[in-house]
Amino acid sequence: MQKKRATVVKKAVSPRQAQRHVHEFEGSTKLAEAGADRHNHRFAGVTGQAIRVGSTHVHEIDLERTDFLDHFHNLRRIRTGPAIPVGNGKHVHFVTGRTTLNDGHTHQFNFATLIESPLV
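If you're wondering where the values come from, they're calculated on a predicted model, not measured in any experiment.

### Looking at the packing of aromatic side chains
Item 1. Throughout the structure, instances matching the rule amount to 6 aromatic pairs.
Item 2. Through pairs of rings, three or more aromatic residues link up here, namely Phe-25, Phe-43, Phe-109 and Phe-111.
Item 3. Taking the ring centre of Phe-72 as reference, the NZ or CZ of Arg-65 above it sits at 4.2 Å.

### What to know about the nonpolar core
Item 1. Core analysis: the largest hydrophobic core is formed by 9 residues, namely Phe-25, Phe-43, Ile-61, Leu-63, Leu-75, Ile-78, Val-95, Phe-109 and Phe-111.
Item 2. Of all the secondary structure elements, the ones that give two or more residues to this core are β5 (60-63), β6 (75-79) and β9 (108-112).
Item 3. In this view, Phe-111 contacts Phe-25, Glu-26, Phe-43, Ile-61, His-93, Phe-94 and Val-95; residues no more than four positions away in its chain are not counted.

### What to know about the pattern of salt bridges
Item 1. For the structure on display, the rule yields 3 salt bridges.
Item 2. The partner of Arg-79 in a salt bridge is Glu-60, and the shortest N-O contact between them spans 3.4 Å. Within this pair, whereas Arg-79 is found in strand β6, its partner Glu-60 is found in strand β5, the two being separated by 19 residues in sequence.
Item 3. Since its relative accessible area comes to 29%, Glu-60 is described here as partly exposed.
Item 4. Between Asp-62 and Arg-76 there is a salt bridge, with its nearest N and O atoms 2.9 Å apart. You can see Asp-62 sitting in strand β5 and its partner Arg-76 sitting in strand β6, a full 14 residues away along the chain.
Item 5. Connected through salt bridges with shared partners, the residues Asp-62, Glu-64 and Arg-76 form a single ionic network.

Calculation criteria
Residues numbered from 1 in each chain as written. Predicted model: local features only at pLDDT ≥ 70, side-chain atom pairs only at ≥ 80, totals over all residues. Heavy atoms only, no water. Phe/Tyr/Trp six-rings, centres within 6.5 Å; stacked < 30°, edge-to-face > 60°. Lys NZ or Arg CZ within 6 Å of the ring centre and 35° of its normal. Core = buried A, V, L, I, M, F, W, Y, C linked by side-chain atoms within 4.5 Å. Buried < 20%, exposed > 50% of the residue type's maximum accessible area, 1.4 Å probe, protein only. Helix = DSSP H or I, 4+ residues; strand = E, 2+ residues; numbered from the N terminus. Contact = heavy atoms within 4.5 Å. Salt bridge = Lys/Arg side-chain N within 4 Å of Asp/Glu carboxyl O.

Geometric descriptors of this kind do not, in isolation, establish any biological role.
In structure tokens form, the structure reads like this:
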């Protein structure tokens, strides 16, 4: 007896739901606090979709948690800078900002996003 194959129904993804243009990122915060409590945090994630600004675009970063020490920090509503061309039609974005307050302090950070679709 031959088994029937299950019919796989793929749900169509609307253009608004599809991932179109995002960048991966990774970075470290600057050091905060003093003495034995002096520390930083690392983080990684993916930006939001491109947001048109004039003739270029930016991305928003909304990261839930940095790595763990004995507390977390968030990166909330951080906007990247405009696209910076790096050749072959590719670009990155520079990002600078400050984490949320936790354990009585914040951390500054700055980093560049990774190139979108580097192999395509």
